[in-house]
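Now for the letters of each chain:
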Amino acid sequence: MKASERLIVALDVPEPDDARNLISKIGDHAGVWKIGLELLFSGGADLACELADAGQKVFVDAKLLDIPNTVERATENIAAMGATFLTVHGHDVKTMKAAMRGREGSNLKLLSVTVLTSLDAADLEEQGSRMSPAELVLHRAKLRQEAGFDGVIASGQEAAQIREATGSDFLIITPGIRPSGTDVGDQARVMTPARAIAAGADYLVVGRPITQADDPAAAAAAIAGEIESARSA
Ligand code: C5P
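In what follows, the accompanying structure is described.

The rules behind the values
- Residues numbered from 1 in each chain as written.
- Predicted model: local features only at pLDDT ≥ 70, side-chain atom pairs only at ≥ 80, totals over all residues.
- Heavy atoms only, no water.
- Core = buried A, V, L, I, M, F, W, Y, C linked by side-chain atoms within 4.5 Å.
- Buried < 20%, exposed > 50% of the residue type's maximum accessible area, 1.4 Å probe, protein only.
- Helix = DSSP H or I, 4+ residues; strand = E, 2+ residues; numbered from the N terminus.
- Near = heavy atom within 4 Å.
- Polar contact = N/O pair within 3.5 Å; in protein donor to acceptor, adjacent residues only side chain to side chain.
- Areas by Shrake-Rupley, 256 points an atom, 1.4 Å probe, with all protein chains shown as cover.
- Axes fitted to C-alpha atoms, helices over the stretch in contact; angles between N-to-C directions.
- Left-handed = near helix turned anticlockwise from the far one by under 90°.
- Contact = heavy atoms within 4.5 Å.
- Nonpolar A, V, L, I, M, F, W, Y, C, P; charged D, E, K, R; others polar.
- Pairing = 2+ DSSP bridges.
- Right-handed = clockwise from strand over helix to strand, strands pointing away.
- Expected span 1.5 Å × (residues − 1).
- Bend = angle between axes of the 7 residues up to and from the residue.

Digging into the nonpolar core
The nonpolar side chains of a soluble globular protein tend to be buried with one another.
Phase 1: Core analysis: the largest hydrophobic core is formed by 52 residues, its most contacted members being Leu11, Ile35, Val60, Leu86, Leu204 and Ile210.
Phase 2: With six residues, helix α2 (residues 37-53) is the single largest residue contributor to this core.
Phase 3: Membership of the second largest hydrophobic core comes to 14 residues, among which are Leu119, Leu136, Leu138 and Ile162.

Here it is as structure tokens:
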């Protein structure tokens, strides 16, 4: 697998045409296009089908969390769109098992969101959790094994612990990536591309450091280069 195939670009832009414009600029410097909540509600679902039909890998970042019947049916619909990855909140096995039923017969890979990378220890305390972000991420990563999910979304700061606890046969997908010198923004648990890969991440999710760069293709190429050097180190 080429380093650029491990780079997932978060297309957090207002309209599908903004996303098409970015995709044509970035080209094969990235391997997966992530369509999240902002774009999904402004035509992103049709764009996801269009990209999948054109043979591109699409990550529908819908972060599902609902009663099992709703999660199962939504997953079925997303699988039918031809998506490669879908996120589901990994808070409980019931929700994850519903998604597993929904993707039956498709190639859709299911990823559980452990703890959002924008949350820190104080935010979890506010939610009533007595666990630290790292403890809760690890707890939820183990739950996904029980559910049979393909992998987890977690920050680079937890990747090494997850890899150790769950073995090598599952995917760690890491957002909260900030190349040195770039703005952290609303993220809390950030890491550079090289360090996240060294910690065990299989794929990196990168939004603003690429989409808001003066030259998105050059920013993506630089991150793919970091992925390559970290993997060969
Ligand atoms: O712009 P930035 O690189 O911070 O974008 C990160 C992307 O990853 C966003 O699309 C965000 O929704 C997503 N994400 C995240 N943390 C998670 C799960 C998804 O930042 N735990």
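Topic: the site of the ligand
Phase 1: Around the ligand sit 17 residues in total, of which Asp12, Lys34, Thr117, Arg178 and Arg208 are the nearest.
Phase 2: Between the ligand and the protein, one listed contact pairs an oxygen atom with a side-chain N or O atom of arginine 178 at 2.7 Å.
Phase 3: In the complex, the protein chains occlude 88% of the 470 Å² of accessible area that the ligand would expose alone.
Phase 4: Counting residues per element, the ones that place at least two in the shell around the ligand are β3 (57-64), β8 (203-206) and α9 (208-211).

Some details on unusual backbone geometry
Phase 1: One non-glycine residue with positive phi stands out, namely lysine 63, at about 40°.
Phase 2: Position of lysine 63 relative to the elements: it lies in strand β3.

What about the packing of helix α6 (residues 133-147) against helix α7 (residues 156-166)?
Phase 1: Relative to each other, α6 and α7 sit at 35°, their axes nearing to 10 Å. Seen along the crossing, α6 lies across α7 with a hand that is right-handed. In contact with Ala134, Val137, Leu138, Ala141, Lys142 and Gln145 of α6, α7 contributes Glu158, Gln161, Ile162, Ala165 and Thr166.
Phase 2: In terms of residue class, the contact of α6 with α7 is made up of six nonpolar, three polar and two charged.

A closer look at the side chain of histidine 89
Phase 1: Looking at the secondary structure, you find histidine 89 in strand β4 (residues 85-89).
Phase 2: The contacts of histidine 89, once residues within four sequence positions are left out, are Lys63, Leu64, Leu65, Thr95, Met96 and Val113.

A word on the sheet that holds strand β1 (residues 7-10)
Phase 1: What the eight strands build is a closed barrel, ordered β1-β2-β3-β4-β5-β6-β7-β8; its pairing is parallel. Averaged over all pairs of adjacent strands, the angle between strand axes in this sheet comes to 25°, irrespective of strand direction.
Phase 2: In terms of strand pairing, strand β5 (residues 109-113) meets strand β6 (residues 151-153) through three bridges, oriented parallel. Residue pairing for β6: serine 112 is matched across the bridge by valine 152.
Phase 3: Packed onto the sheet, helix α3 (residues 68-80) meets β3, β4 and β5 and runs at close to 165° relative to β3.

Remarks on the pairing of β4
Phase 1: Where burial is concerned, most of β4 is hidden: five out of the five residues are buried.
Phase 2: What you see with β4 is no split at all: Phe85, Thr87 and His89 on one side and Leu86 and Val88 on the other are buried throughout.
Phase 3: Relative to β4, β3 runs parallel, the two being bridged by three bridges. The partner of leucine 64 across the bridge, within β4, is valine 88.
Phase 4: For the segment spanning β3, α3 and β4, crossover handedness is right-handed.
Phase 5: Inspection of the sheet shows β4 paired to β5 by five bridges, in the parallel sense. Paired with histidine 89 across the two strands is valine 113, which belongs to β5.
Phase 6: Handedness of the crossover joining β4 and β5 through helix α4 (residues 93-102) is recorded here as right-handed.

Concerning α2
Phase 1: Here α2 contains 17 residues, and its C-alpha end-to-end distance of 21 Å is more than 12% below the 24 Å for a straight helix at 1.5 Å per residue.
Phase 2: Its maximal kink placed at glycine 43, α2 deviates by approximately 90°.
Phase 3: Those residues of α2 not exposed but buried are Leu39, Leu40, Gly44, Leu47, Ala48, Leu51 and Ala52.
Phase 4: Residues of α2 that are buried sit in contact with α1 (16-26), β2 (32-35) and β3.
Phase 5: One or two steps after α2, the chain reaches glycine 55, where phi turns positive at roughly 85°.

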